[in-house]
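Architecture at a glance
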Amino acid sequence: MQEERGMNFIEHAEELRKRIIYSLIPILVFFIPCYIFSKQLFDLLMGPIIRNLPEGSSLIFTRPAEGFLTYLKVSLFFSFFLSVPFILYNAWHFVSPALYKKEKRVVIPLVTFGTVFFILGALFCYFIAAPQGLRFLLGEYTTEYVKAFPSIKEALSFLTALMIGFGLVFEFPLVVFILSRLGLVTAGFLARNRKYALLLNAILAAFITPTTDAVSMMFMLVPLFIFYELGIIIAKIFAKKKPETEPAGEEFS
């Protein structure tokens with residue numbers, strides 16, 4: 001019987017190139033209809049900012065190509081979101097040959113729930129966190145003589161960075177679930193390091209939040225802390241009970 005041989009560096013590089021191309025194809029395919037409806041998608045994406053603009057304020061652009069480039073970025077943003085399942089699948093396909101059989105069993109839930117949780121985080125930002133932060137940022141400092149006229153480029157960068165940040169934050173319980181099933185973390189470990197986690201979460205919230213105000217940072221920090229506590233519960237429930245021995249000949253499939 002012919003023995004399986006590992007892939008060399010050149011073969012790994014070729015496989016990586018192929019998976020990157022396969023991930024870019026759906027982005028390019030979705031980009032076309034997204035650009036056709038880019039004006040409607042821009043209005044939808046900028047909803048939290050548009051609805052919280054003080055009276056007399058508006059979105060503007062100051063460079064001739066800024067509007068065109070902004071609509072391109074909006075189209076790319078939505079086409080990327082629509083392509084997330086394909087990107088995750090190709091990432092799994094690239095790393096799966098190096099995984100044990102028991103590790104492969106958690107990949108499908110990881111891809112599925114990872115996509116769902118990321119979208120939930122972005123929606124939480126869009127409907128709850130961003131409107132509250134923008135209401136404070138745009139309204140608190142507006143006076144009779146000072147009006148807010150954010151550029152569409154800066155507004156888009158602010159909102160997309162915030163949505164992606166919240167999407168990543170919502171992935172934490174899933175990450176803890178995977179690590180606990182693999183026996184890499186325990187509820188006791190997470191509980192003992194709670195105070196250090198709070199400090200790291202504060203630093204992470206300050207880093208992810210695209211503004212320097214305390215309101216936006218708190219909207220990021222509170223979910224981080226809540227999900228950390230939820231992670232302790234998840235690790236306690238789903239922790240690996242005891243080490244499992246891989247059957248001979250089934251380490252890789």
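Here the structure is a predicted model, which means the values were calculated and not measured.

Rules used in this analysis
- Residues numbered from 1 in each chain as written.
- Predicted model: local features only at pLDDT ≥ 70, side-chain atom pairs only at ≥ 80, totals over all residues.
- Heavy atoms only, no water.
- Helix = DSSP H or I, 4+ residues; strand = E, 2+ residues; numbered from the N terminus.
- Buried < 20%, exposed > 50% of the residue type's maximum accessible area, 1.4 Å probe, protein only.
- Contact = heavy atoms within 4.5 Å.
- pLDDT = per-residue confidence, 0-100.
- Phe/Tyr/Trp six-rings, centres within 6.5 Å; stacked < 30°, edge-to-face > 60°.
- Axes fitted to C-alpha atoms, helices over the stretch in contact; angles between N-to-C directions.
- Parallel < 35°, antiparallel > 145°, perpendicular 65-115°, else oblique.
- Nonpolar A, V, L, I, M, F, W, Y, C, P; charged D, E, K, R; others polar.
- Lys, Arg positive; Asp, Glu negative; His and termini not counted.
- Salt bridge = Lys/Arg side-chain N within 4 Å of Asp/Glu carboxyl O.
- Polar contact = N/O pair within 3.5 Å; in protein donor to acceptor, adjacent residues only side chain to side chain.
- Patch = residues over 30% accessible without salt bridge, like charges linked within 9 Å, V, L, I, M, F, W, Y side chains within 5 Å.
- Areas by Shrake-Rupley, 256 points an atom, 1.4 Å probe, with all protein chains shown as cover.

A count of helical and extended segments in the protein gives 12 helices and 0 strands. Within the protein, the fraction of its 253 residues that count as buried is 36%. Put simply, 86% of the contacts in the protein that link residues at least 6 apart link residues at least 24 apart.

With 85% of its residues at a pLDDT of 70 or more, the protein has an overall mean of 82. Averaged pLDDT values over the elements of the protein bottom out at 66 in helix α6 (residues 101-104) and peak at 95 in helix α2 (residues 38-45). Every residue in residues 248-253 scores below 50 in pLDDT, and together they form 10 contacts with partners more than four places removed in sequence or on other chains.

Our focus in this paragraph is the packing of aromatic side chains. Taken as a whole, this structure holds 14 aromatic pairs when the rule is applied. Ring geometry for Phe 81 and Phe 118: centres 5.4 Å apart, planes at 45 degrees, overall tilted. Within this pair, whereas Phe 81 is found in helix α4 (residues 66-82), its partner Phe 118 is found in helix α7 (residues 107-139), the two being separated by 37 residues in sequence. You can call Phe 81 buried: its relative accessible area is 18%. Grouped by ring-pair contacts, the aromatic residues Phe 77, Phe 78, Phe 80, Phe 81 and Phe 118 constitute a single cluster.

This brings us to the packing of helix α1 (residues 9-36) against α2. Where α1 contacts α2, the axes come no closer than 5 Å and their chain directions differ by 80 degrees. As far as their axial angle goes, α2 and α1 are roughly perpendicular. Packed against α1, whose contacting residues are Cys 34, Tyr 35 and Ile 36, the element α2 presents Ser 38, Gln 40 and Leu 41 at the interface. Split by residue class, the contact of α1 with α2 holds 4 nonpolar, 2 polar and no charged.

With that settled, consider the side chain of Glu 66. Structurally, the position occupied by Glu 66 is in helix α4. No salt bridge is formed by the buried Glu 66; the nearest opposite charge belongs to Arg 63, separated by 5.4 Å. In this structure the side chain of Glu 66 is engaged in a polar contact, spanning 3.1 Å, whose partner is the backbone nitrogen of Thr 62. In this structure, Glu 66 is in contact with Ile 60, Phe 61, Ser 151, Ile 152 and Lys 153, ignoring residues within four places of it in sequence.

A surface patch of nonpolar side chains, amounting to about 520 Å² of accessible area, comprises Val 116, Ile 119, Leu 120, Leu 123, Phe 127 and Ile 128. Of note, Ile 119 is situated in helix α7. Taking the relative accessible area as the measure of exposure, Ile 119 reaches 37% and is therefore partly exposed.

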